[in-house]
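# Summary of the model geometry
Spelled out from the first residue to the last, the chains are:
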Number of protein chains: 2
Amino acid sequence: MTEREKKPLILVTNDDGVEAKGLKALIETLRPFGKIVVVAPADPQSGMSHAITVKVPLRLTKIIDEQDLSVYKCYGTPVDCVKMAFNHLLTRKPDLLVSGINHGSNASTSVFYSGTMGAALEGCINEIPSIGFSLLNLNHDADFTTARHYVEIITRQVLQNGLPKTVCLNVNIPDIETSKVAGIRICRQNKGYWQEEFDQRTDPMGKHYFWLTGYFHNTEPDASDTDEWALDKGYVSIVPLHTDLTCYDTIKSLNQWNFQ
Amino acid sequence: MTEREKKPLILVTNDDGVEAKGLKALIETLRPFGKIVVVAPADPQSGMSHAITVKVPLRLTKIIDEQDLSVYKCYGTPVDCVKMAFNHLLTRKPDLLVSGINHGSNASTSVFYSGTMGAALEGCINEIPSIGFSLLNLNHDADFTTARHYVEIITRQVLQNGLPKTVCLNVNIPDIETSKVAGIRICRQNKGYWQEEFDQRTDPMGKHYFWLTGYFHNTEPDASDTDEWALDKGYVSIVPLHTDLTCYDTIKSLNQWNFQ
């Protein structure tokens, strides 16, 4: 095996699209770790969750082809990008999948709506060690200096230690200077929900339309083992996620029901 | 309180769209149980998972307004429909959310891609007792007789017993005659993944495009406590799901890592 073949193969994607600053920051940070293949959505795909494209066909264009770095844009969702990489582009399973760096938090139940975490969970379903990174700043021109520092530290640990076969990491990084970060905290997913408020407007034809807006309602703000608590206190939060949604505690009680 | 106000308020949605036969079968089955409000996607939304619409505004049209039955179509995803109902249309929390009846299985890890289950999980995040029903037949003209029988039995039990606050049910129904069904089985989510094969074609301009195809790869076909096993043996499968993706077993081992 040559030196080049020994390098880890790292698949990179995101949900903000191939032009996003967070993706570029991620690629720059990961390049020293191995051979990088990027398959990212051609257009922003925020809020696309684990969606796949079934109504229209997918298209794929290679846009960068350098030593140890290939970048493709895919006209689909983040999960489409991962599937396209696994099943069409890559000749072997990647050693790592990294998604992000997302512009905005994916802590707590936001993991359900997130295209960034959809891609990481898809890696996890396919038994690839996977990480989703998010910075708590929605701005397209956010400063990724602190995020890059922690991407490097956490990626090195995952490559060294591996992850259990069906576990991926949801990493959120506070939008503060590196020197102000309190540390890294392993957390559980916070409970909570988005309280939506629909902004109702009227178009020039007199018809109503609605913009989805809202704010996160934290139902356990004082629980110190959650990601929301850690981020609020200036920590980088890491939540290990798995893809088994079964609520085992409930199986026994459902078996008592009288299904007649 | 009048008799009418005492009736359970049931929110209904799906991912196959407002015209789907499975939705109509569901509405007919649920009408005797209470006041029904349907908010369903205007267009089919299979594979849309937990996606929300953020790039374009939503529109909503009332299409049926009968005694105890209102039907709206929403130009968005299944989760958009649920959010629109909770935050714009309904004046109180529904007693139950029912999604489906999906044309096709949502067993095992298909729960991640499913718009039907995205809607049910959204109900669950909002602490509404929620059920997703799916029939193992993709045909638009499928026979829902068996499915309706089990929708009735299971809905009655959920209305009687309730569900833990953050648990919803993923119910899959085999495509066989009612008399041939082996019974109802409470299961865990099967492990497995979709093995994709991209069908590559060339358009009239000479450019490649890809259709997503594939088959489900069951990584534990002999495990008799899973939904796939139960369905294969002719049972209706019920998997209780929760929305906490945390892998608690991994928290301890991650705390041993040396994040330097």
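Residues numbered from 1 in each chain as written. Chains lettered and ligands numbered in written order. Predicted model: local features only at pLDDT ≥ 70, side-chain atom pairs only at ≥ 80, totals over all residues.

### Considering the relation of the copies chain A and chain B
- Once chain A has been moved 0.0 Å along the axis and rotated by 180°, it coincides with chain B to within an RMSD of 0.0 Å. Such values leave the two copies arranged in the relation of a two-fold axis.
- Taken as a fraction of all interface residues of chain A, those also at the interface in chain B reach 100%, which identifies the copy contact as same-surface. (Least-squares fit on C-alpha atoms with pLDDT ≥ 70 in both. Contact = placed C-beta atoms within 7 Å.)

### What to know about the environment of Leu90(B)
All names here are of chain B.
- By the secondary structure assignment, Leu90 is in the loop between helix 3 (78–89) and strand 5 (96–103).
- The partly exposed category is assigned to Leu90, around which 14 C-beta atoms lie within 10 Å.
- As a C-alpha pair, Leu90 and Leu135 span 45 residues in sequence and 28 Å in three-dimensional space.
- Residues within four places of Leu90 in sequence aside, it is in contact with Val37 and Ala85. (Helix = DSSP H or I, 4+ residues; strand = E, 2+ residues; numbered from the N terminus. Buried ≥ 20, exposed ≤ 12 C-beta atoms within 10 Å, placed from the backbone.)

### Considering the sheet that holds strand 2 (residues 35–41) of chain B
All names here are of chain B.
- Across the sheet, which stays open at both edges, the 9 strands sit in the order 3-4-2-1-5-6-7-11-8 with mixed pairing between neighbours. Of all the strands in the sheet, the pair left with one neighbour each is strand 3 (60–66) and strand 8 (183–186). The sheet shows a mean angle of 20° between the axes of neighbouring strands, taken without regard to direction.
- As judged from the 6 bridges shared by strand 7 (residues 167–173) and strand 11 (residues 235–242), these two strands associate in the antiparallel manner. Its bridge partner lying in strand 11, Leu169 is registered against Pro240.
- Together, strand 1 (9–13), strand 2, strand 3, strand 4 (69–74) and strand 5 form the strand contacts of helix 3, whose direction differs from that of strand 2 by roughly 135°.
- Strands in contact with helix 5 (residues 145–161) are strand 5, strand 6 (130–135), strand 7 and strand 11; relative to strand 6, the strand with the most contacts, it is inclined by about 165°. (Pairing = 2+ DSSP bridges. Axes fitted to C-alpha atoms, helices over the stretch in contact; angles between N-to-C directions.)

### So, helix 5 of chain B
Residue and element names in this part refer to chain B.
- A rise of 1.5 Å per residue sets the reference length of helix 5, with its 17 residues, at 24 Å; its end C-alpha atoms lie 25 Å apart and thus fit the reference within 8%.
- When we look at burial in helix 5, the residues that qualify are Thr146, Ala147, Arg148, Tyr150, Val151, Ile154, Thr155, Gln157 and Val158.
- Its buried side turned inward, helix 5 meets helix 2 (21–30), strand 5, strand 6, strand 7 and strand 11.
- After helix 5 finishes, the residue Gly162 shows a positive phi value of roughly 70°. (Expected span 1.5 Å × (residues − 1).)

### Description of the packing of helix 3 of chain B against helix 4 (residues 115–125) of chain B
Residue and element names in this part refer to chain B.
- Two numbers describe how helix 3 lies on helix 4: the axes approach to 8 Å, and their chain directions differ by 30°. As far as their axial angle goes, helix 4 and helix 3 are roughly parallel. Both helix 3 and helix 4 take part in a crossing whose hand is right-handed. Two secondary-structure elements touch here, helix 3 through Pro78, Val79, Cys81 and Val82 and helix 4 through Gly115, Thr116, Gly118, Ala119, Glu122 and Gly123.
- Across the contact of helix 3 with helix 4, the residue classes break down as 5 nonpolar, 4 polar and 1 charged. (Parallel < 35°, antiparallel > 145°, perpendicular 65-115°, else oblique. Left-handed = near helix turned anticlockwise from the far one by under 90°. Nonpolar A, V, L, I, M, F, W, Y, C, P; charged D, E, K, R; others polar.)

### Observations regarding the interface of chain A and chain B
- Across the boundary between the two partners, chain A contributes 60 residues, which contact 60 residues of chain B.
- Per-element accounting of the side of chain A that touches chain B gives the leading share, 5 residues, to strand 11 (residues 235–242) of chain A.
- Of the residues in the side of chain A that touches chain B, the class split is 35 nonpolar, 19 polar and 6 charged.

### A closer look at the pairing of strand 9 (residues 192–202) of chain A
All names here are of chain A.
- In the sheet, strand 9 pairs with strand 10 (residues 208–218) via 11 bridges, with the strands oriented antiparallel. Counterpart to Gln200 in the pairing with strand 10 is Phe210.
- Adjacent in sequence and paired antiparallel, strand 9 and strand 10 are bridged by 5 residues, among which Gly206 carries a positive phi angle near 85°.

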